[in-house]
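Coordinate inspection notes
Here is how the chains run, residue by residue.
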Amino acid sequence: MALSVTPSVNAGISLHWGEHRIWCDALHNRQVPGLSTLTPERFQHLLSHPAFQDPELLFFTHCHPDHYSKTQTRLVQQRWPGAFLALPERQEAVQILLQGEQFHLRLGEDLSIQFRRLPHEGKRYAAVPHYGALLEREGFRVLLAGDCAISAPELADFVAGTAVDLAVLPFPWVTLPKGRAFVEEVIRPRRLLVHHLPLPEDDLYGYRPATEAALSKVQVSEVWLMDRAFQEIIVA
């Protein structure tokens, strides 16, 4: 199946899956206190990193500046003009606009992506267009939840009846008891990848030690912590 996952910074990842390379929330340049961002130096490193070459799809769960940078995205598209762009707000003349409750995309003959509108965490962001995704290739399913509200009924509906082989979730899903319960009882993934952590120098609120302490409480057979920029995790 050959699936590897490599983070940029914050919530950004590159999925290298067979012949496909998909970036999710990988490009952003505004730092939120207590989290990290893709500084100019890190952006230059990304452009030369083997895991971030020739993307097929640039997907953004939403357009908050800690998840999406128009400037960096345009530079990437200039470098690799064949990359598709998918996001839930109109940012470019040529893009895939995610809209409606669900949106389906197929890449090549073997990769299906089902997008689903999900509520963003926090009541003040309730109106923000935000989409998660289920990717399926050769019977293997990957869930990308973005900044979905913890334990959202919409996410429960999205994964109902679906065998999730890998769930990629931000760290509050393991540090909060209700998040762990939802992972174990509703998503029920075979594997869990925890991300969206700050780099050590930006961890103002102790997210990293809190997440490390909570990992042993999660009842999932395989759990990985994505806590370093550009580390590579081989899923299968």
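Thresholds applied
- Residues numbered from 1 in each chain as written.
- Predicted model: local features only at pLDDT ≥ 70, side-chain atom pairs only at ≥ 80, totals over all residues.
- Heavy atoms only, no water.
- Pairing = 2+ DSSP bridges.
- Helix = DSSP H or I, 4+ residues; strand = E, 2+ residues; numbered from the N terminus.
- Axes fitted to C-alpha atoms, helices over the stretch in contact; angles between N-to-C directions.
- Contact = heavy atoms within 4.5 Å.
- Core = buried A, V, L, I, M, F, W, Y, C linked by side-chain atoms within 4.5 Å.
- Buried < 20%, exposed > 50% of the residue type's maximum accessible area, 1.4 Å probe, protein only.
- 1 Å grid on protein atoms, 1.4 Å probe; cavity = no way out; pocket = protein on both sides within 12 Å on 5 of 7 lines; lining within 4 Å.
- Points joined across faces, edges and corners; volume = space filled by probe spheres on them.
- Nonpolar A, V, L, I, M, F, W, Y, C, P; charged D, E, K, R; others polar.
- Arc of directions from axis to C-beta.

1. Side note on the sheet that holds strand S7 (residues 102–107)
- On the basis of which strands lie adjacent, the open sheet formed by 7 strands has the order S7-S8-S9-S10-S11-S12-S13 and mixed pairing. Single-partner strands in this sheet number two, and they are S7 and strand S13 (222–225). The average angle at which neighbouring strand axes cross in this sheet is 15°, direction not considered.
- Two elements, strand S11 (residues 166–170) and strand S12 (residues 191–195), share 5 bridges in a ladder whose sense is parallel. What sits directly across from Val168, in S12, is Leu193.

2. Focus: the sheet that holds strand S5 (residues 84–87)
- As summarised here, the arrangement of the 7 strands in space is S6-S5-S4-S3-S2-S1-S14, forming an open sheet in which the pairing is mixed. What marks the edges here is a single partner per strand, and that holds for strand S6 (96–97) and strand S14 (233–234).
- Inspection of the sheet shows strand S1 (residues 3–7) paired to S14 by 2 bridges, in the antiparallel sense. Across the sheet, Ser4 pairs through a bridge with Ile234, a residue of S14.
- Of the strands in this sheet, strand S3 (20–24), strand S4 (57–59) and S5 are in contact with helix H2 (residues 70–79), which crosses S4 at around 175°.

3. A word on the nonpolar core
- Counting residues in hydrophobic clusters, the biggest one holds 30 residues, and the most contacted among them are Ile113, Leu135, Val142, Leu144 and Leu166.
- Aside from chain neighbours lying at most four places away, what touches Val142 is Leu3, Trp17, Ala133, Leu134, Leu135, Leu166 and Val168.
- Counting 26 residues, the second largest nonpolar core, distinct from the first, contains Leu118, Leu134, Ala145 and Ile150.

4. What about the layout of surface pockets?
- Here the largest pocket is characterised by a volume of approximately 560 Å³.
- Across the lining of the largest pocket, the residue classes tally to 13 nonpolar, 5 polar and 5 charged.

5. Describing helix H1 (residues 40–48)
- Residues of H1 that are buried: Arg42, Phe43, Leu46 and Leu47. Looking straight down H1, one finds that the buried residues subtend no more than 145° of arc, so they occupy a single side. Every exposed residue of H1 that faces more than 90 degrees away from the buried side is listed here: Glu41 and Ser48.
- Looking at the buried side of H1, the elements it contacts are S3 and H2.

Nothing here speaks to function; it is geometry throughout.
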